[in-house]
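Understanding the architecture of this molecule
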Amino acid sequence: DTAVSQTPKYLVTQMGNDKSIKCEQNLGHDTMYWYKQDSKKFLKIMFSYNNKELIINETVPNRFSPKSPDKAHLNLHINSLELGDSAVYFCASSQRGGGDTEAFFGQGTRLTVV
Amino acid sequence: AQTVTQSQPEMSVQEAETVTLSCTYDTSESNYYLFWYKQPPSRQMILVIRQEAYKQQNATENRFSVNFQKAAKSFSLKISDSQLGDTAMYFCAFMNPGNNDMRFGAGTRLTVKP
């Protein structure tokens, strides 16, 4: 059973299109995240949600909109895609307050904008 | 937000030898978690080791150990008896347990040479 799963794994699309990446976790965690990993491998946090409530919203363009229908899902919708959006996007989850807390990651979605 | 600094973009080590990866962080919090994650070419993020700030004892996991210096805000990773499979990007990460905000360093690319 995959703990954190993202779909799709690869996404190639043209500039100007709108696309979504879905994420689901079956760990019962209350916190979910989206990270962007650029070509230099730098992992930058974009958003985090706790029990469907937006907690962290870094300086991300308004074209990026996260949606959390329930605490097991955190989807990322991107409008008007630009070349600079090409990156690997990681979803992750963790549990607050646990002594053994750690973040579990999905396998990543490689987005290529052409 | 907390910042994490990894000052070694690339390192290499001979198989069976020992290597130490450096990490420093900046925070005003007294309680927090620190992590080292490994990212092999498969791009999956894998937890290597975790340290809770209130625990003075350094964490160890088989060939992996940390040197946690809280006053100096330093958290280095030592890999003993390096193996070819240790070749990967290594990320140091800081988590604030209050909101589970998790930040990563820029990463160190480690190459283990035969």
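What you see is a predicted model; the values in this text were computed from it and never measured. (Residues numbered from 1 in each chain as written. Chains lettered and ligands numbered in written order. Predicted model: local features only at pLDDT ≥ 70, side-chain atom pairs only at ≥ 80, totals over all residues. Heavy atoms only, no water.)

Here we look at the interface of chain A and chain B
What counts is decided by this rule: Between two residues, a contact is recorded if the distance between any of their heavy atoms is within 4.5 Å. Accessible surface is computed with a 1.4 Å probe, and the buried area is the amount of it that two parts give up when combined, taken over both parts together. A carboxyl oxygen of Asp or Glu within 4 Å of a side-chain nitrogen of Lys or Arg is what we treat as a salt bridge. Pairing of N or O atoms within 3.5 Å defines a polar contact, subject to two protein rules: one partner must be a possible hydrogen donor and the other a possible acceptor, and residues neighboring in sequence count only if both atoms are side-chain atoms. Helix numbers and strand numbers start at the N terminus; a helix is a DSSP run of H or I with at least 4 residues, a strand a run of E with at least 2. Amino acids are sorted into nonpolar (Ala, Val, Leu, Ile, Met, Phe, Trp, Tyr, Cys and Pro), charged (Asp, Glu, Lys and Arg) and polar (every other residue, Gly among them).
Taken together, the contact between chain A and chain B spans 30 residues of the former and 24 residues of the latter. Between chain A and chain B, the buried area comes to about 2100 Å², and carbon and sulfur atoms account for 49% of it. At the junction of chain A with chain B, the criterion picks out 2 salt bridges. The residue Arg103 of chain B makes a salt bridge to Glu58 of chain A at a minimum N-O spacing of 3.0 Å. Joining chain A to chain B, the criterion identifies 13 residue pairs in polar contact (both at pLDDT 80 or more). It is strand S4 (residues 31-37) of chain A that contributes the most residues to the side of chain A that touches chain B, 4 residues altogether. Of the residues that constitute the side of chain A that touches chain B, the class distribution is 12 nonpolar, 11 polar and 7 charged.

Considering the pairing of strand S8 (residues 64-69) of chain B
Residues and elements named next belong to chain B. Heads up, the condition is: Two strands pair under a simple rule: DSSP has to find at least two bridges between them.
For strand S7 (residues 60-61) and S8, the ladder comprises 2 bridges, and the chain directions are antiparallel. Within S8, the position partnered with Glu61 by the bridge is Phe64. Linking S7 to S8, which pair antiparallel, is a turn of 2 residues; within it Asn62 sits at a positive phi near 55°. In terms of strand pairing, S8 meets strand S9 (residues 74-79) through 6 bridges, oriented antiparallel. Note that in S9 the partner of Phe64 across the bridge is Ile79.

A closer look at the pattern of salt bridges
Formally: Remark: exposure states derive from per-residue accessible area (1.4 Å probe, protein chains only) relative to the maximum for the residue type, with buried under 20%, exposed over 50%, and partly exposed in between.
Applying the stated criterion across every chain, the model contains 8 salt bridges over all chains. Note that Arg63 of chain A is salt-bridged to Asp85 of chain A, the shortest N-O span being 2.8 Å. Within this pair, whereas Arg63 of chain A is found in the loop between strand S6 (53-57) and strand S7 (64-70), its partner Asp85 of chain A is found in the loop between strand S8 (73-78) and strand S9 (87-94), the two being separated by 22 residues in sequence. Asp85 of chain A matches Arg63 of chain A in its accessibility class, with the two residues each being buried. Through salt bridges with shared partners, one network takes in Glu58 of chain A together with Asp101 and Arg103 of chain B.

Quick notes on the packing of aromatic side chains
Let me state the cut-off plainly: In summary, the pairing rule links any two rings of Phe, Tyr or Trp, Trp by its six-membered ring, whose centres are within 6.5 Å, and it sorts them by plane angle into stacked for under 30 degrees, edge-to-face for over 60 and tilted for everything else. To sit over a ring, a charge needs its Lys NZ or Arg CZ within 6 Å of the ring centre and within 35 degrees of the ring normal.
Counted according to the given criterion, the structure contains 16 aromatic pairs over all chains. Ring centres of Phe105 of chain A and Tyr37 of chain B lie 5.5 Å apart, and the angle between their planes is 75°; this geometry places the pair in the edge-to-face category. Of the two residues, Phe105 of chain A is situated in strand S10 (residues 104-105) and Tyr37 of chain B in strand S5 (residues 33-39); the pairing between them involves two chains. By relative accessible area, Phe105 of chain A is classed as buried at 6%. Residue class for Tyr37 of chain B comes out buried when judged on its relative accessible area of 1%. Ring geometry for Tyr25 of chain B versus Tyr32 of chain B: centroids 5.3 Å apart, planes at 65°, classification edge-to-face. Each member of the pair, Tyr25 of chain B together with Tyr32 of chain B, is buried. Taken together, the aromatic side chains of Tyr33, Tyr35, Phe90 and Phe105 of chain A together with Tyr33, Phe35, Tyr37, Phe91 and Phe104 of chain B make up a single cluster linked through ring pairs. The aromatic ring of Tyr10 of chain A is capped on one face by Arg43 of chain B, whose charged end is 5.1 Å from the ring centroid.

Description of the confidence of the model for chain A
Using the following cut-off: Values of pLDDT, ranging from 0 to 100, describe the predictor's confidence in every residue of the model.
A residue-level look at chain A finds 96% of positions with pLDDT of 70 or above and a mean pLDDT of 93. Confidence, expressed as mean pLDDT per element, reaches its minimum in chain A at S6 of chain A with 87 and its maximum at strand S11 (residues 109-113) of chain A with 98.

Let's talk about the state of the cysteines
Rules: The disulfide criterion used throughout: a pair of cysteine sulfur atoms within 2.5 Å.
Going through the model one piece at a time under the given rule, you end up with 2 disulfides over all chains. One disulfide in the model links Cys23 of chain A with Cys91 of chain A; its S-S distance is 1.8 Å. On the sign convention where negative is left-handed, the bridge of Cys23 of chain A and Cys91 of chain A, at about -75° about the S-S bond, is left-handed. Of this pair, Cys23 of chain A sits in strand S3 (residues 19-25) while Cys91 of chain A sits in strand S9, placing them 68 residues apart in sequence. Each member of the pair, Cys23 of chain A together with Cys91 of chain A, is buried. The side chain of Cys23 of chain B participates in a disulfide bridge whose partner is Cys92 of chain B; the two sulfur atoms lie 2.0 Å from each other. Residues Cys23 of chain B and Cys92 of chain B are joined through a disulfide that is left-handed, its torsion about the S-S bond being -70°. On the criterion of sequence distance, the pair formed by Cys23 of chain B in the loop between strand S3 (19-21) and strand S4 (24-26) and Cys92 of chain B in strand S10 (residues 88-96) is long-range, its members being 69 residues apart.

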